[in-house]
Amino acid sequence: MSSKRYDIMKKKKIVVVPAKQINDKFTMVSNASITLLDSKSFHIYCYLLSCCDESSYCYPSYDDIQEKLGVTRHTISDCLKFLSEFGLIDIQKRKTGTYFNNAYVVYGIVKVSEIIEKEDVIIEKEVA
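A quick note: this is a predicted structure, and the numbers were derived from the prediction, not measured.

S.K.: I'd like a description of the packing of helix H4 (residues 62–69) against helix H5 (residues 73–86), backed by residues and values.
M.R.: Between H4 and H5, whose axes approach to 10 Å, the crossing angle comes to 110°. Taken together, the axes of H4 and H5 lie roughly perpendicular to each other. Counting all contacts with H4, which are made through Tyr 62, Asp 63, Ile 65 and Gln 66, the residues of H5 involved are Arg 73, Ile 76, Ser 77 and Leu 80. Taken together, the residues of the contact of H4 with H5 sort by class into four nonpolar, two polar and two charged.

Okay, here's the thing in structure tokens:
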């Protein structure tokens, strides 16, 4: 086991129940996002989801994300760009006082389609 994982286990105590019994303080993630995203992008996506208010907005800074997830600023930037280009988040630049920060609108996946190109025809096939 990696030292990072061992450190987490040493420093954190958890209480568990069967997953279907959880009704508070959880974040719903579509099954499709589990298989479509790489692990770092998925981790950041889940964190953004966990920060969202009722209108699907969240406002974590890079420092917050870095502190909570233990990833580099470069990784954060790279993953946010990917999530935005993939359509899972919108990044809105905003100025608060003399500082600039981002607001994120986070979206959930409701349908996945496979794009198939045959000759000069593009076919969109829904994936189950």
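Let's pick the thread back up.
S.K.: Would you mind going over the sheet that holds strand S3 (residues 99–106) in detail, with residue names and values included?
M.R.: Read from one edge of the open sheet, three strands run S1-S3-S2, paired in antiparallel fashion. The two strands at the open ends of the sheet, each matched to only one other strand, are strand S1 (57–58) and strand S2 (89–96). Across the face of the sheet, H5 comes into contact with S2 and S3 while running at roughly 120° to S2.

S.K.: Before we move on, can you summarise the packing of aromatic side chains with the specific residues and values?
M.R.: Taken as a whole, this structure holds two aromatic pairs when the rule is applied. Consider the rings of Tyr 57 and Tyr 59, whose centres lie 6.4 Å apart with planes at 15°: the pair is stacked. The class for Tyr 57 is partly exposed, based on a relative accessible area of 26%. Overall, Tyr 59 belongs to the partly exposed group, its relative accessible area being 40%. Taking the centre distance of 5.5 Å and the plane angle of 15° together, the rings of Phe 82 and Phe 86 count as stacked. Of this pair, Phe 82 and Phe 86 both sit in helix H5, four residues apart, roughly one helical turn. On the basis of relative accessibility, which here comes to 30%, the residue Phe 82 falls in the partly exposed class.

S.K.: Hey, could you go over H5 for me, with residue numbers and the actual values?
M.R.: With 14 residues, H5 extends 20 Å from end C-alpha to end C-alpha; this agrees with the ideal 20 Å at 1.5 Å per step. For H5, the complete set of buried residues consists of Thr 75, Ile 76, Cys 79, Leu 80 and Leu 83. The buried residues of H5 occupy an angular sector of 125° when projected down its axis, which confines them to one face. Seen from the buried face of H5, the exposed residues on the opposite side, beyond 90 degrees, are His 74, Lys 81 and Glu 85. Each element contacted by the buried residues of H5 is listed here: helix H3 (39–51), H4, S2 and S3.

S.K.: Tell me about the environment of Lys 81, residues and numbers included.
M.R.: Mapped onto the secondary structure, Lys 81 falls in helix H5. A residue is classified by how much of its surface remains accessible, and Lys 81, at 52% relative accessible area, is exposed.

S.K.: Now, about the pairing of strand S5 (residues 121–126): what can you tell me, with residues and values included?
M.R.: Where burial is concerned, little of S5 is hidden: zero out of the six residues are buried. Pairing of strand S4 (residues 113–118) with S5, which is carried by six bridges, proceeds in the antiparallel orientation. Following the sheet pairing, Ile 115 is matched in S5 by Glu 124. Linkage of S4 to S5, two consecutive antiparallel strands, is achieved through a turn of two residues, within which Glu 119 is found at a positive phi near 55°.

Reading guide: rules and limits
- Residues numbered from 1 in each chain as written.
- Predicted model: local features only at pLDDT ≥ 70, side-chain atom pairs only at ≥ 80, totals over all residues.
- Heavy atoms only, no water.
- Axes fitted to C-alpha atoms, helices over the stretch in contact; angles between N-to-C directions.
- Helix = DSSP H or I, 4+ residues; strand = E, 2+ residues; numbered from the N terminus.
- Parallel < 35°, antiparallel > 145°, perpendicular 65-115°, else oblique.
- Contact = heavy atoms within 4.5 Å.
- Nonpolar A, V, L, I, M, F, W, Y, C, P; charged D, E, K, R; others polar.
- Pairing = 2+ DSSP bridges.
- Phe/Tyr/Trp six-rings, centres within 6.5 Å; stacked < 30°, edge-to-face > 60°.
- Buried < 20%, exposed > 50% of the residue type's maximum accessible area, 1.4 Å probe, protein only.
- Expected span 1.5 Å × (residues − 1).
- Arc of directions from axis to C-beta.

Honestly, that's just the spatial picture; any functional story needs more than this.
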